[in-house]
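Survey of secondary and tertiary structure
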Amino acid sequence: MELIAFYGFASLAIVSALFILLSKNLIYSAFALFVTFLGVAALYVLAGADFLAVTQIMIYVGGILVLLIFGIMLTQQTNKRAESTSANQVLAGSSRRVPAFIIAMATFLFFSLVIVSANFRIAGNVNLGKSTIKTIGVELMTSHLLPFEIAGILLLVALIGAAYLALNRNPSHE
Amino acid sequence: MSDIPLIHFLIVAAALFSIGLAIVVTKKNLIGILLGIELMLNAVNINLVAFSRHDPERLGGQLFALFVIVVAAAEITVALAIILRVYGQYGTVEPDKIDGLKH
């Protein structure tokens, strides 16, 4: 049963990722990325990472994807001569298809070869149905306290840097 | 939860990573390239979470995946700000046309 769910969500994620690759409309690509993130969140749940799945949905879908769609809208080329009878599309063509296909297939085959031939020796037991939130909270506040603080400082720096970069410093526009 | 073999997670993650790499190489739009980078970061997180199943006491993989998500959020904000500056400077977001340093 879980295996069927796993295959369903994995194929959902991979098919929508392929749709991102093949679609010409950038807005469609962004929404396909949304579906991919949901599929990956479902895979997290199937791997027993409930907190991480909720985090994935909140940060990626609620934050990053909205930001990406804002970016698409702010940078699209408006064709001022065209009458507004046709549908608005944000087109993004693709180039270098053959080298990309070769590189991607080579990467995938290399990873598959490594994974199949790795022969992992798993030591611990698989966790069964226990929530991970308490463990994550205790670990973050004890043994991972320094990375936690550094992540906070990194987010502050990124916030200030992004706001400073996106400011309009062109004097002709003021 | 234990009847999904570890190798299935790894193969799915490898496939998603390869598709993300292909997106990064092919897209003719800077934001399309960012979509591919996000996909690759997510594929790496699947590996970390899959290995973390076998470490329920310390959950090192899940904590690492959490920090990867934080860094991805920081990266995407700064990258979008840079793309907005580039768009203001060149009027395009197509990476092949942004060649001001070549001349």
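Since the model is a prediction, treat every value here as computed from it, not as a measurement. Once a new chain begins, its residue numbering starts again from 1 and follows that chain's sequence as written. Chains and ligands are labelled by the order in which they are written, letters from A for the one and numbers from 1 for the other. Side-chain atom pairs in this predicted model are given and counted only at pLDDT of 80 or more, local residue features only at pLDDT of at least 70, and totals for whole chains, interfaces and linings cover all residues. No hydrogens and no water enter the side-chain calculation; it runs on all heavy atoms of the structure.

Contact criterion: two residues are considered in contact whenever any of their non-hydrogen atoms come within 4.5 Å of each other. Counting residues at the interface gives 69 residues for chain B, matched by 81 residues for chain A. A carboxyl oxygen of Asp or Glu within 4 Å of a side-chain nitrogen of Lys or Arg is what we treat as a salt bridge. For the pair chain B and chain A, the number of links is one salt bridge. A 3.5 Å cut-off defines polar contacts: any pair of N or O atoms within that distance qualifies, except that in protein one atom must be a possible hydrogen donor and the other a possible acceptor, and neighbouring residues in sequence count only when both atoms are side-chain atoms. The tally of links between chain B and chain A comes to nine residue pairs in polar contact (both at pLDDT 80 or more). Elements represented by at least two residues in the side of chain B that touches chain A include exactly α1 (6-26), α2 (30-52) and α3 (60-90) of chain B. Secondary structure elements follow DSSP: runs of H or I of four or more residues count as helices, runs of E of two or more count as strands, with numbering from the N terminus. Broken down by element, the side of chain B that touches chain A gets its largest block of residues, 21 residues, from α3 of chain B. Of the residues contributing to the side of chain B that touches chain A, the split by class is 47 nonpolar, 13 polar and nine charged. We call Asp, Glu, Lys and Arg charged. Ala, Val, Leu, Ile, Met, Phe, Trp, Tyr, Cys and Pro are nonpolar, and the rest, Gly among them, are polar.

Residues and elements named next belong to chain A. UniProt positions are given in the numbering used here, feature names are shortened, and annotations may be inferred rather than shown by experiment. In the numbering adopted here, UniProt assigns the feature "transmembrane region" (unreviewed entry) to residues 6-23, 30-47, 53-74, 101-124 and 144-167. Note that residues 30-47 is 94% helix and 0% strand, and that its end C-alpha atoms are spaced 26 Å apart. Counted over residues 53-74, helix gives 100% and strand 0%. Its end C-alpha atoms are 30 Å apart.

Another point: the packing of aromatic side chains. Side-chain rings of Phe, Tyr and Trp, where Trp is taken by its six-membered ring, are said to pair if the distance between their centres is within 6.5 Å; with planes under 30 degrees apart they count as stacked, over 60 as edge-to-face, and otherwise as tilted. What the rule picks out here adds up to five aromatic pairs over all chains. Between Phe6 of chain A and Tyr7 of chain A, the ring centres sit 5.8 Å apart and the planes meet at 65 degrees, which makes this aromatic pair edge-to-face. Throughout this description, buried means an accessible area under 20% of the type-specific maximum (1.4 Å probe, protein chains only), exposed means over 50%, and partly exposed covers the range between. On the basis of relative accessibility, which here comes to 43%, the residue Tyr7 of chain A falls in the partly exposed class. Ring geometry for Phe6 of chain A and Phe9 of chain B: centres 4.8 Å apart, planes at 70 degrees, overall edge-to-face. Of the two residues, Phe6 of chain A sits in helix α1 (residues 2-22) while Phe9 of chain B sits in helix α1, which places them in two different chains. In this structure, Phe6 of chain A and Phe9 of chain B share a single accessibility class: buried. The structure contains a cluster of three or more aromatic residues connected by ring pairs, namely Phe6 and Tyr7 of chain A together with Phe9 of chain B.

Let's shift gears to the UniProt feature "transmembrane region" (unreviewed entry) in chain B. All names here are of chain B. In the numbering used here, UniProt assigns the feature "transmembrane region" (unreviewed entry) to residues 6-25, 32-51 and 63-87. Secondary structure over residues 6-25 splits into 100% helix and 0% strand, and the C-alpha atoms at its two ends are 29 Å apart. Overall, residues 63-87 shows 100% helix and 0% strand. The separation of its end C-alpha atoms is 36 Å.

Moving on to helix α2 (residues 26-46) of chain A. All names here are of chain A. Here, expected helix span is obtained from the residue count minus one, scaled by 1.5 Å. Spanning 21 residues, α2 covers 30 Å between terminal C-alpha atoms, matching the ideal 30 Å at 1.5 Å per step. Measuring from the backbone nitrogen of Ile27 back to the side-chain oxygen at the start of α2 gives 3.2 Å, which picks out Asn25 as the cap. A positive phi of about 85 degrees marks Gly48, the residue just after α2.

Turning to the confidence of the model for chain B, a few remarks are in order. On average, residues of chain B carry a pLDDT of 88, and 97% of them reach 70 or more. Put simply, α3 of chain B is where chain B has its lowest mean pLDDT, 91, and α1 of chain B is where it has its highest, 93. Each residue gets a pLDDT score, which is the predictor's confidence in that residue and runs from 0 to 100.

Attention shifts here to the nonpolar core. Side-chain atoms within 4.5 Å are what join buried Ala, Val, Leu, Ile, Met, Phe, Trp, Tyr and Cys residues into a set we call a nonpolar core. Among the nonpolar cores identified, the biggest contains 69 residues, and Leu33, Tyr44 and Leu68 of chain A together with Phe9, Leu16 and Ile46 of chain B are the most heavily contacted of them. Within the residue set of this core, elements represented by two or more residues are α1, α2, α3 (50-74), α4 (97-118) and α5 (133-141) of chain A together with α1, α2 and α3 of chain B. All domain edges in this entry derive from an automatic or database-based domain assignment. The two domains that each donate at least three residues to this core are domain 1 (1-76 + 92-118) and domain 2 (129-169) of chain A. Every residue in contact with Leu16 of chain B, bar those within four places of it in the chain, is listed here: Ala13, Ile14, Ala17, Thr36 and Val40 of chain A together with Leu39, Ala43 and Ile46 of chain B.

Under the definition given, this model contains two salt bridges over all chains. In this structure, the salt-bridge partner of Asp96 of chain B is Arg96 of chain A, at a minimum N-O distance of 3.5 Å. With one member in each of two chains, Asp96 of chain B in the segment after α3 and Arg96 of chain A in the loop between α3 and α4 form a pair that bridges those chains. When its relative accessible area of 40% is taken as the criterion, Asp96 of chain B is described as partly exposed. Lys97 of chain B is the partner of Glu94 of chain B in a salt bridge, and the nearest nitrogen-oxygen pair spans 3.6 Å.

This part is about the packing of α1 of chain B against α2 of chain B. A pair of packed helices is characterised by two quantities: the angle between their axes and the separation of those axes. Residues and elements named next belong to chain B. Between α1 and α2, the shortest axis-to-axis distance is 8 Å and the interhelical angle comes to 165 degrees. For the element pair α1 / α2, the angle class is roughly antiparallel. For the pair α1 and α2, the sense of crossing is left-handed. Contact with α1, carried on its side by Leu6, Phe9, Leu10, Ala13, Leu16, Phe17, Ile19, Gly20, Leu21, Ile23 and Val24, involves Gly32, Ile33, Gly36, Ile37, Leu39, Met40, Ala43, Val44, Ile46, Asn47, Ala50 and Phe51 of α2 and no other residues of that element. Residue composition of the contact of α1 with α2, grouped by class: 19 nonpolar, four polar and no charged. For helices, the fitted line uses only the C-alpha atoms of the stretch in contact; every axis is such a line through C-alpha atoms, and the angle between N-to-C directions lies from 0 to 180 degrees. In this scheme, roughly parallel covers angles under 35 degrees and roughly antiparallel covers those over 145, while 65 to 115 is roughly perpendicular and the rest are oblique. Note on convention: the crossing is left-handed when the near helix lies turned anticlockwise from the far helix by less than a right angle, right-handed when the turn is clockwise.

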